[in-house]
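Residues per chain are reported as follows:
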Amino acid sequence: MSMALCGRCVQLWRNLKVRSFSYRSSVFNMEYRHQSRSAINEEPNQLSNIGYEIARRSSFGPEFVQLLNPQDGQLFIDMTFGEGGHTRALLNTGRDIRVIAVDRDPAAYELAIKMAEKTKGKVIPMLAKFSEVPGLLRKHDLSENCVSGIIIDCGPSKLQLNDASRGFSINKIGPLDMRMDGPNSPDSITANDVIDTLDTEDLTRLLKTYGQDKLARKYAQALVDARFMLRKFHSTVELANFIDSIAAERLINEVHRTRTSSTRVFQALRIFVNNELNELNYAIQKMRPFLFLDPETIKLCAEKDHLTKASEEEMKNSLSGKLATISYNPLEDTIIKQNFQDIEMDHSLTEFFEARLKSHLHKPTETDMKRVSTKRWFSFTKMQPLEEDIILNPQLISAKLRVAARIR
């Protein structure tokens, strides 16, 4: 690896100007994670059940379609096309709708092109990261207030996990790549660049923040020591075996399923390499103006208490554009939840109006009152998988579906 690339990798981590997202009482600098789910109508026995490699079959297919409630003439955007499961579910409703199929993965884009040919123009393929979508929509003469629904499914796709050459799998021998864009971004950093370049402090911070592992410092120190005392790692299985040996095959059972310690290291590297959390936050904020704004939904929300959520029937019948998100870890879910609650990501938790309101000494300012009266989202209570789905696929236990309608 060239010295220029090494220097750029260090500079990317140390000088990365990311927004500070509040998570409980701490403030983390976080980034984004994106990919799409495999087709929801796929048979369960076709799915892998091995740790990180579970190609998670979304159990929310019928639910999110019912909540989006497609009608003739409407336009939808599948921001994480993957293998096209969610897009197919929308088209299978039989409504005369169009779906813009977005993915940053060239392999998924090729599948979207094939689906576009079969559906005779009902699917519009688009190769882009979340942050590039608003500009591309405007270039295609799509104005604001024209989209009826947007889908963001944050988990890893079967398409990427099954391809060993992409470097996402802990059980398949492949290069330490992990770039969602693949060959589309030959100059961007890879997971290999990260573990070969960052020092112990920076690597610890990365693994602890994005991997949420208590042994982050132990892993980071071992990786840096191995760099000089043993050899550099070049394959996914080499890295996974090394991390598991350090942790003495410690099991992580916080969500009642067994995962190897390398799972969290791989998650942290992937999130960092692809700037995933920043992209997710950007998508939620910048795509909101494209959603249709319905006066009746605004009126309905105004009649309710500030903290009251929409019922299933109210969300289904709302004509405002809706954003449906599916998250699989606390990092993603926190960003989604705080956006739907209109919590500003640039401020610590103690500065939020709701937190300060708990004090009897606090008198709401005009800005506070204006914020309460100008909510951006009318959200629906989160949904989680059914028990039978979790039995078929244990990794679904952490999945959460959140849907919100635009009201400003």
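Residues numbered from 1 in each chain as written. Predicted model: local features only at pLDDT ≥ 70, side-chain atom pairs only at ≥ 80, totals over all residues. Heavy atoms only, no water.

Caption draft 1: Structural view of the overall build of the protein. What the protein contains, in helices and strands, is 18 helices and nine strands. The contacts in the protein between residues at least 6 apart in sequence include a share of 73% that link residues at least 24 apart. In the structure as shown, the protein presents an accessible area of about 18400 Å², 52% of it carried by carbon and sulfur atoms. (Helix = DSSP H or I, 4+ residues; strand = E, 2+ residues; numbered from the N terminus. Contact = heavy atoms within 4.5 Å. Areas by Shrake-Rupley, 256 points an atom, 1.4 Å probe, with all protein chains shown as cover.)

Caption draft 2: Expanded view of unusual backbone geometry. In this model, lysine 120 sits at a positive phi of 55°, which is unusual for a non-glycine residue. On the secondary structure map, lysine 120 appears in the loop between helix H4 (106-118) and strand E5 (123-127). Its identity as a non-glycine residue notwithstanding, asparagine 275 has a phi of 55°, on the positive side. Along the chain, asparagine 275 turns up in the loop between helix H11 (262-274) and helix H12 (276-287).

Caption draft 3: View of the pairing of strand E7 (residues 322-327). Burial runs high along E7: six of the six residues are buried. Judged by which residues are buried, E7 turns out to be covered on both faces: Lys322, Ala324 and Ile326 on one side and Leu323, Thr325 and Ser327 on the other are all buried. As paired elements, strand E6 (residues 149-153) and E7 share five bridges and run parallel to each other. Bridging from a neighbouring strand, isoleucine 152 pairs with threonine 325 of E7. With six bridges joining them, E7 and strand E9 (residues 400-406) adopt antiparallel strand pairing. Opposite leucine 323, over in E9, you have alanine 404 as the bridge partner. (Buried < 20%, exposed > 50% of the residue type's maximum accessible area, 1.4 Å probe, protein only. Pairing = 2+ DSSP bridges.)

Caption draft 4: Main features of a nonpolar patch on the surface. A cluster of nonpolar residues, Phe228, Met229 and Leu230, forms a patch on the protein surface that exposes about 440 Å² of accessible area. Within the secondary structure layout, phenylalanine 228 lies in helix H9 (residues 216-229). Given the relative accessible area of 67%, phenylalanine 228 is considered exposed. (Patch = residues over 30% accessible without salt bridge, like charges linked within 9 Å, V, L, I, M, F, W, Y side chains within 5 Å. Salt bridge = Lys/Arg side-chain N within 4 Å of Asp/Glu carboxyl O.)

Caption draft 5: Region of interest: the pattern of salt bridges. Evaluated as defined, the whole model comprises nine salt bridges. Glutamate 314 is the partner of lysine 304 in a salt bridge, and the nearest nitrogen-oxygen pair spans 3.2 Å. Within this pair, whereas lysine 304 is found in the loop between helix H13 (295-302) and helix H14 (312-317), its partner glutamate 314 is found in helix H14, the two being separated by 10 residues in sequence. Its salt-bridge partner being aspartate 342, residue arginine 376 comes within 3.6 Å of it at the nearest N-O pair. Taken together, the residues arginine 376 in the loop between helix H17 (366-373) and strand E8 (377-383) and aspartate 342 in the loop between helix H15 (330-340) and helix H16 (353-357) connect sequence positions 34 residues apart.

Caption draft 6: Seen up close, the sheet that holds E8. The mixed open sheet is built from seven strands, whose spatial order is E5-E4-E3-E6-E7-E9-E8. The open sheet has two edge strands with one neighbour each: E5 and E8. The sheet shows a mean angle of 15° between the axes of neighbouring strands, taken without regard to direction. Relative to strand E4 (residues 98-103), strand E3 (residues 75-78) runs parallel, the two sharing four bridges. Within E4, the position partnered with phenylalanine 76 by the bridge is valine 99. Helix H2 (residues 61-68) rests against E3, E6, E7, E8 and E9 of the sheet, and its axis sits at about 5° to E9. (Axes fitted to C-alpha atoms, helices over the stretch in contact; angles between N-to-C directions.)

Caption draft 7: Just the packing of H11 against H12, in detail. At a minimum axis distance of 6 Å, the contact between H11 and H12 shows a crossing angle of 55°. By the criterion of interaxial angle, the relationship of H11 to H12 is oblique. Contacts between H11 and H12 involve Arg270, Ile271 and Asn274 from the first element and Glu276, Leu277 and Glu279 from the second. Looking at the contact of H11 with H12, its residues break down into two nonpolar, one polar and three charged. (Parallel < 35°, antiparallel > 145°, perpendicular 65-115°, else oblique. Nonpolar A, V, L, I, M, F, W, Y, C, P; charged D, E, K, R; others polar.)

Caption draft 8: Geometry of the environment of leucine 291. Note that leucine 291 resides in the loop between H12 and H13. The class for leucine 291 is buried, based on a relative accessible area of 0%. For the pair leucine 291 and alanine 405, spaced 114 residues apart in sequence, the C-alpha to C-alpha distance is 8.5 Å. When sequence neighbours within four positions are dropped, the list of residues in contact with leucine 291 reads Asn145, Val147, Ser148, Gly149, Ile150, Gly321, Lys322, Leu323, Trp377 and Arg406.

Caption draft 9: Quick peek at helix H10 (residues 236-246). Burial analysis of H10 places eight of its 11 residues in the buried class, the great majority of the element. All buried positions along H10 are accounted for by Thr236, Val237, Leu239, Ala240, Phe242, Ile243, Asp244 and Ile246. Close packing links the buried residues of H10 with helix H7 (191-197), H9 and H11.

Caption draft 10: View of the environment of threonine 260. By the secondary structure assignment, threonine 260 is in the loop between H10 and H11. Note: C-alpha distance between threonine 260 and isoleucine 170 (90 residues apart in sequence) is 9.4 Å.

Caption draft 11: Fine view of the side chain of threonine 197. Among the structural elements, threonine 197 can be located in helix H7. Reaching out from threonine 197, the side chain makes a polar contact with the backbone oxygen of aspartate 193 at a distance of 2.6 Å. (Polar contact = N/O pair within 3.5 Å; in protein donor to acceptor, adjacent residues only side chain to side chain.)

Caption draft 12: Broad picture of the pairing of E5. Relative to E5, E4 runs parallel, the two being bridged by five bridges. Across the sheet, valine 102 pairs through a bridge with methionine 126, a residue of E5. Viewed along the sheet, the connection from E4 through H4 into E5 turns out right-handed. (Right-handed = clockwise from strand over helix to strand, strands pointing away.)

Caption draft 13: The packing of aromatic side chains, seen in detail. Within the structure shown, the criterion is met by two aromatic pairs. Ring centres 5.3 Å apart and planes at 55° place the aromatic pair phenylalanine 340 and tryptophan 377 in the tilted group. Note that phenylalanine 340 is positioned in helix H15 and tryptophan 377 in strand E8, a separation of 37 residues in sequence. Like tryptophan 377, phenylalanine 340 is buried. (Phe/Tyr/Trp six-rings, centres within 6.5 Å; stacked < 30°, edge-to-face > 60°.)

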